[in-house]
Amino acid sequence: MKSVIPNLSYTCSAAGTIVALCFGMCSSAAAVDFLPFAPHELSGSEPESIVLQDFDGNQSADAAVTMYSGGAGEVSFRFNNGEGAFPEDGNLPLDNFGARGLAAGFFDSDSAADLAITNGVSGSSEVWIHAGNGDGTFSDGSSVNAGNFPVAIDSGDLNGDTFTDLAVANNNDNANVVSILLGDGNGAFPAVRQISLSPPFLSNDITIAEFNGDNHPDLAVANNTGVQIFLGTGNGNFTEGSSIGDSLVYAVAAGDLNGDALMDIFAAKADGKILFSRGNGDGSFQIPQYFDAVSPANTTIDMAVVDVDLNETPDVVITDQATDRIAVLAGTGEGTLQSPEFYPVGNEPVTLADGKLNSDDYPDVAVACRNAGDTPSLSVLLQKIPDHRGDVNRDGTVDLSDAVLTLQMLAGLDTSPAVHRSADVDNDLKIALEELVYILQIVSG
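Quick caveat: nothing in here was measured; it's all calculated off a predicted structure. (Residues numbered from 1 in each chain as written. Predicted model: local features only at pLDDT ≥ 70, side-chain atom pairs only at ≥ 80, totals over all residues. Heavy atoms only, no water.)

## Some points on the overall build of the protein chain
Then, number 1: Helices and strands together make up the secondary structure of the protein chain, namely two helices and 30 strands.
Then, number 2: The burial tally for the protein chain puts 56% of its 445 residues in the buried class.
Then, number 3: At a minimum sequence separation of 6, the contacts of the protein chain that also span at least 24 residues come to 48%.
Then, number 4: Entry remark: accessible area of the protein chain is about 17,000 Å², with carbon and sulfur atoms responsible for 49%. (Helix = DSSP H or I, 4+ residues; strand = E, 2+ residues; numbered from the N terminus. Buried < 20%, exposed > 50% of the residue type's maximum accessible area, 1.4 Å probe, protein only. Contact = heavy atoms within 4.5 Å. Areas by Shrake-Rupley, 256 points an atom, 1.4 Å probe, with all protein chains shown as cover.)

## Brief notes about the sheet that holds strand β14 (residues 177–182)
Then, number 1: Strand order in the open sheet made by the four strands is β12-β13-β14-β15, with antiparallel pairing throughout. Each having just a single partner strand, β12 (150–156) and β15 (191–196) make up the two edges of the open sheet. When strand polarity is set aside, the average angle formed by the axes of neighbouring strands in this sheet is 20°.
Then, number 2: Relative to β14, strand β13 (residues 165–170) runs antiparallel, the two sharing four bridges. By the bridge assignment for β14, L166 is matched with L181. (Pairing = 2+ DSSP bridges. Axes fitted to C-alpha atoms, helices over the stretch in contact; angles between N-to-C directions.)

## Quick word on a negative patch on the surface
Then, number 1: A cluster of acidic residues, E41, E88, D89 and D374, forms a negative patch on the protein surface.
Then, number 2: Looking at where D89 falls in the secondary structure, it is placed in strand β7 (residues 88–93).
Then, number 3: Under the relative-accessibility criterion, D89 is labelled exposed at 52%. (Patch = residues over 30% accessible without salt bridge, like charges linked within 9 Å, V, L, I, M, F, W, Y side chains within 5 Å. Salt bridge = Lys/Arg side-chain N within 4 Å of Asp/Glu carboxyl O. Lys, Arg positive; Asp, Glu negative; His and termini not counted. Charge placed at Lys NZ, Arg CZ, Asp CG, Glu CD.)

## Some thoughts on the confidence of the model for the protein chain
Then, number 1: Mean pLDDT for the protein chain: 87, with 89% of residues reaching 70 or above.
Then, number 2: In this model, residues 1–29 is a region of pLDDT below 50 whose contacts with residues beyond four sequence positions or in other chains number 93 contacts. (pLDDT = per-residue confidence, 0-100.)

## Considerations on the packing of aromatic side chains
Then, number 1: Overall, the coordinates contain 10 aromatic pairs when judged by the stated rule.
Then, number 2: Between F77 and F138, the ring centres sit 5.3 Å apart and the planes meet at 15°, which makes this aromatic pair stacked. Taken together, the residues F77 in strand β6 (residues 74–79) and F138 in the loop between β10 (126–130) and β11 (142–145) connect sequence positions 61 residues apart. Across the pair, F138 and F77 agree in class, each one buried.
Then, number 3: Through a chain of ring-to-ring contacts, the aromatic side chains of F55, F77, F79 and F138 assemble into a single cluster. (Phe/Tyr/Trp six-rings, centres within 6.5 Å; stacked < 30°, edge-to-face > 60°.)

## Structural notes on the side chain of N119
Then, number 1: Looking at the element boundaries, N119 is found in strand β9 (residues 114–119).
Then, number 2: Those residues in contact with N119 that lie beyond four places of it in its chain are N96, F97, G98, S124, E126 and P150.

## Observations regarding the sheet that holds strand β4 (residues 47–53)
Paired through backbone hydrogen bonds, the strands of a sheet run either parallel or antiparallel to each other.
Then, number 1: Sheet architecture is open: four strands sit in the order β4-β5-β6-β7, paired in antiparallel fashion. Taken across any chain shown, the strands that pair with only one partner, and hence form the sheet edges, are β4 and β7. Averaged over all neighbouring strand pairs, the angle between strand axes comes to 20°, with direction disregarded.
Then, number 2: Sheet topology places β4 next to strand β5 (residues 62–67); six bridges connect them, and they run antiparallel. Across the sheet, residue I50 finds its bridge partner in β5, namely V65.

## Some remarks on the nonpolar core
Then, number 1: Residues F266, I274, M303, V316, I318, L329 and L337 are the most contacted members of the largest nonpolar core, which totals 20 residues.
Then, number 2: Elements with a contribution of two residues or more to this core: β20 (249–255), β21 (264–269), β22 (273–277), β24 (303–306), β25 (315–320) and β26 (325–329).
Then, number 3: Here the element with the most residues in this core is β20; it accounts for three residues.
Then, number 4: Every residue in contact with L329, bar those within four places of it in the chain, is listed here: I274, F291, D292, A293, D315, V316, I318, L337, Q338 and P340.
Then, number 5: Counting residues in hydrophobic clusters, the runner-up holds 18 residues, among them A167, V178, I206 and L219. (Core = buried A, V, L, I, M, F, W, Y, C linked by side-chain atoms within 4.5 Å.)

## Quick look at helix α2 (residues 433–444)
Then, number 1: Taking 1.5 Å of rise per residue, 12 residues should cover 16 Å, and α2 covers 16 Å from first to last C-alpha, within 8% of that figure.
Then, number 2: Considered for burial, the residues of α2 that qualify are E435, L436, Y438 and I439. Here the buried residues of α2 occupy an arc of 165° about the axis, which is enough to place them on one side. Away from the buried face of α2 by more than 90 degrees, exposed residues L433 and S444 are located.
Then, number 3: Where α2 is buried, its residues contact α1 (400–410).
Then, number 4: Just past α2, the residue G445 takes up positive phi, approximately 80°. (Expected span 1.5 Å × (residues − 1). Arc of directions from axis to C-beta.)

## As for a nonpolar patch on the surface
Then, number 1: A cluster of nonpolar side chains, namely L400, L440 and V443, defines an oily patch on the protein surface of about 250 Å² accessible area.
Then, number 2: With respect to the helices, strands and loops of the structure, L400 is situated in helix α1.

## Some details on unusual backbone geometry
Then, number 1: Its identity as a non-glycine residue notwithstanding, T162 has a phi of 75°, on the positive side.
Then, number 2: Locating T162 in the fold gives a position in the loop between β12 and β13.
Then, number 3: A positive phi angle, near 50°, is found at N371, a position not held by glycine.

## Quick look at the pattern of salt bridges
Then, number 1: Scanning the entire structure with this criterion turns up six salt bridges.
Then, number 2: Across the pair K384 and D33 runs a salt bridge, and its minimum N-O distance is 3.4 Å. Of the two residues, K384 sits in the loop between β30 (377–381) and α1 while D33 sits in the loop between β2 (17–20) and β3 (38–41), which places them 351 residues apart along the sequence.
Then, number 3: On the basis of relative accessible area, D33 is assigned to the partly exposed category, the value being 32%.
Then, number 4: Close ionic contact of R370 with E348 constitutes a salt bridge, the shortest N to O distance being 3.8 Å. On the criterion of sequence distance, the pair formed by R370 in the loop between β29 (364–369) and β30 and E348 in the loop between β27 (341–344) and β28 (349–355) is long-range, its members being 22 residues apart.
Then, number 5: R370 gets classed as partly exposed once you look at its relative accessible area, which sits at 22%.

Okay, here's the thing in structure tokens:
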């Protein structure tokens, strides 16, 4: 959840001149396709949140899913073998603990990923911290008081001390707070601050991003009345900012949809629409636009903002419980989203995350599915890799215009079309003479 995978900027060199492959934002959305999903059983029941992180030290993203399990929860793991298969499983039992929100990070001084888990049982106020051992196992953990009914959590450095902190969304009429847990770099969170919400609202999701250009992390909180922005002061304190929307929102994320280098807001609404609000760069946002996405839901909808097709523009991936699918709404680069394309997953998709799950360069998607009455599962969707070799200007064909653009790049001339990395022919991350020869061979037949 809540991540944007950057498109790395590759370069090519001709006669000492370095030319970037991407000259701005791609304005066209590329076709996305996934291999049929691979299901993997999860332990426990009632999945709530998912994160992708390397927990066992093999340099591949594993999946961790909180399982509410009627208030006696656990964390269920599937361990990635490096090629997008998850043959090994594991679990972290929790003692009478309704696991809901989940964040992974490096909370202490070692290189093993740690977990922060919210106890989402009404009346609880606990966030539990479990230090990773680096082999897929975790310590018994310790708890931190994070306000009544903590349900969602995100991690980041909120006070500029280089240590990972936690931001927690509380969902309780009597709490009316967002809790900030400041880390000490040794795995503990001794300083807890709370932001009072006025007017009070019930929070469902939280994400950390930077909205006003001061290089201090800010917060966006999804709630029963829309999205509330809190602007960070750089020392772990926050001031209340803009309110966006006017109805129930389940999930919130940030990304730059229109290519102006300013963070915008995306939110998944209960009616199945995507709320999009363009950022002004000063912490304020424009009147929201709404995009049809999935079927209305009376349970949680989850979403991620990620450049799925690697065209330098974020896309939206969202769960559709009513049809057992996920939807991908491709960004156009001009501040709009295309109509959704749907991909089957397991029964009742609840929560999803994006990441690179195999050895290629394309983002994949992992979805935790409830499968009511049966065993919950993890659906892994690996992208089919399109063949764009030689298609330097990304118009869908290899022709003389690609040869001309390649020559311009080799000559160091200024060019405006965006160049996609998969136009590379020999996997050296350059557009050079090899690509020109390939193009001319294709054109000549």
